[in-house]
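Descriptive analysis of the structure
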Amino acid sequence: MVYYFSSNTVSPAAFVYVGKDKVENEELIKYGWDQDVWFHVDNLSSAHIYVRLPEGQDWESIDQGLLTDCAQLTKANSIEGNKKDNVTIIYTPWSNLKKDGSMAVGQVGFKDQRKVKRIHVEKRENPIVNRLNKTKVEKYPDLAMEKEARLKELRIKDRDSQQARRKEEARVAKERKEKAYQRDHAYDDLFTEDNMAAASNQDRSEDFLDDFF
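The rules we used
- Residues numbered from 1 in each chain as written.
- Predicted model: local features only at pLDDT ≥ 70, side-chain atom pairs only at ≥ 80, totals over all residues.
- Heavy atoms only, no water.
- UniProt positions renumbered as here; feature names shortened; annotations may be inferred.
- Helix = DSSP H or I, 4+ residues; strand = E, 2+ residues; numbered from the N terminus.
- Contact = heavy atoms within 4.5 Å.
- Areas by Shrake-Rupley, 256 points an atom, 1.4 Å probe, with all protein chains shown as cover.
- Core = buried A, V, L, I, M, F, W, Y, C linked by side-chain atoms within 4.5 Å.
- Buried < 20%, exposed > 50% of the residue type's maximum accessible area, 1.4 Å probe, protein only.
- Salt bridge = Lys/Arg side-chain N within 4 Å of Asp/Glu carboxyl O.
- Phe/Tyr/Trp six-rings, centres within 6.5 Å; stacked < 30°, edge-to-face > 60°.
- Lys NZ or Arg CZ within 6 Å of the ring centre and 35° of its normal.
- Pairing = 2+ DSSP bridges.
- Axes fitted to C-alpha atoms, helices over the stretch in contact; angles between N-to-C directions.
- pLDDT = per-residue confidence, 0-100.

Within an unreviewed UniProt entry, the label attached to the chain reads NFACT RNA-binding domain-containing protein, and the organism entered is Pseudopithomyces chartarum. In UniProt, the chain has this text filed under Sequence similarities (unreviewed entry): "Belongs to the CCDC25 family."

A short note on the overall build of the chain
Of the regular secondary structure elements, the chain holds five helices and nine strands. Of the contacts made within the chain by residues no fewer than 6 positions apart, 66% connect residues no fewer than 24 positions apart. Total accessible area on the chain stands at roughly 14,300 Å², and carbon and sulfur atoms take up 49% of it.

Focus on the nonpolar core
Judged by nonpolar contacts, the single largest core of 29 residues is most densely connected at Val-37, Phe-39, Val-51, Ile-62, Leu-66, Ile-89 and Tyr-91. At five residues, helix H2 (residues 64-76) tops the list of elements feeding residues into this core. With sequence-adjacent residues up to four places away left out, Ile-89 is seen in contact with Phe-39, His-40, Val-41, Asp-42, Ala-71, Thr-74, Lys-75, Lys-117, Arg-118, Ile-119 and Val-121.

Here's the deal with the pattern of salt bridges
Counted by the stated rule, this structure contains 13 salt bridges. Between Arg-171 and Glu-175 there is a salt bridge, with its nearest N and O atoms 3.3 Å apart. Note that Arg-171 and Glu-175 are positioned in helix H4 (residues 143-184) at a spacing of four residues, about one turn of the helix. On the basis of relative accessibility, which here comes to 35%, the residue Glu-175 falls in the partly exposed class.

What about the packing of aromatic side chains?
Under the definition given, this model contains seven aromatic pairs. Consider the rings of Tyr-4 and Tyr-17, whose centres lie 5.9 Å apart with planes at 35°: the pair is tilted. Highlighted residues: Tyr-4 in strand S1 (residues 2-7) and Tyr-17 in strand S2 (residues 14-19), separated in sequence by 13 residues. On the basis of relative accessibility, which here comes to 4%, the residue Tyr-17 falls in the buried class. When the centroid spacing of 5.2 Å and the interplanar angle of 15° are considered together, the rings of Phe-39 and Tyr-91 count as stacked. With Phe-39 in strand S3 (residues 36-41) and Tyr-91 in strand S5 (residues 87-93), the pair connects residues that are 52 residues apart, well separated along the chain. Side by side, Phe-39 and Tyr-91 carry an identical accessibility label, which is buried. Here the aromatic residues Tyr-4, Phe-15, Tyr-17 and Tyr-50 are joined through ring pairs into a cluster of three or more. When the ring centre of Trp-59 is taken as reference, the NZ or CZ atom of Lys-117 above it lies at 5.7 Å.

Quick word on the sheet that holds strand S9 (residues 137-139)
Read across the sheet, seven strands follow the order S8-S5-S3-S4-S2-S1-S9 without closing on themselves; strand pairing throughout is antiparallel. A single partner strand is all that each edge strand has here, and the edge strands are strand S8 (117-121) and S9. Pairwise comparison of adjacent strand axes, ignoring direction, gives a mean angle of 30° for this sheet. Sheet topology places S1 next to S9; three bridges connect them, and they run antiparallel. Bridged to Val-2 within S9 is Lys-139.

A look at the environment of Asn-25
Structurally, Asn-25 can be placed in helix H1 (residues 22-30). Sequence-wise, Asn-25 and Met-1 are 24 residues apart; in three dimensions their C-alpha atoms are separated by 9.9 Å. What Asn-25 contacts, discounting residues up to four positions off in sequence, is Gly-19, His-48 and Gly-106.

Thoughts on the confidence of the model for the chain
Overall, the prediction assigns the chain a mean pLDDT of 87, with 87% of residues at 70 or greater. Within the chain, the lowest mean pLDDT, 60, falls on helix H5 (residues 193-199), and the highest, 98, falls on S5.

Shown next, in the form of C-alpha cells:
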C-alpha cells in the first residue's frame, strides 16, 4: 500500500507519497521517477517520503512552501523524530539513491553526497501536518506498470521532439539555400540576351551618335 498526499502550496498541487512499510519502500526505491525527490529524517528511522515535482522543475529550487510540507510530513512519519524538536531532514533526487545487495530492506545509500541537502525542522507544525493528512488517500498501485508507462511516454516525447527538431533544421537549411541562390543569381537578369543586345552598339543605326550632338 502507498499513501498519497496533496500539497496545495503550489499550483497545480504537488503530490507527496510514502510506502506503508519498508517492503513498499523497496518498491518505491526501485520504481521511482526522475522528477521524484526523496526525504528522510537524518540519522533516525523514518518513512521514505517522496514528492513528485512538476515537469521541468529543478529539485534544488523546490518551492519553499512545498519543501516545508515535505519536511513536516517526514518528521511526522518518524516514530522517534516526531517526538523530538530540532531534527534534520535530508533530501535528494530519486536518481541519486543507491541500492545494492548488501543493504537491508528499505535501506539506501547515495551515489553522490554532494546532491544531498538538509533542512532544519525546529518543531512539529500541527496545522501543516493536519492539512496534509486530510488529503491522505490509500492506494495499491502497480508501480512497475506505472514506471513503464512513464518511460513509454518519455520515449514518445523524445521521438516527437527529435522529429520537430529535424523538421526545423530542414526548414532553416532550405531557407539558407534559397537565400544563397538569390544572392548568387541577383544579377542574372542583367545579362539576358535582350539586355545585352540593348546595351550593345553593334545593332544600332549608323547615325545613333547624332543624338549626343
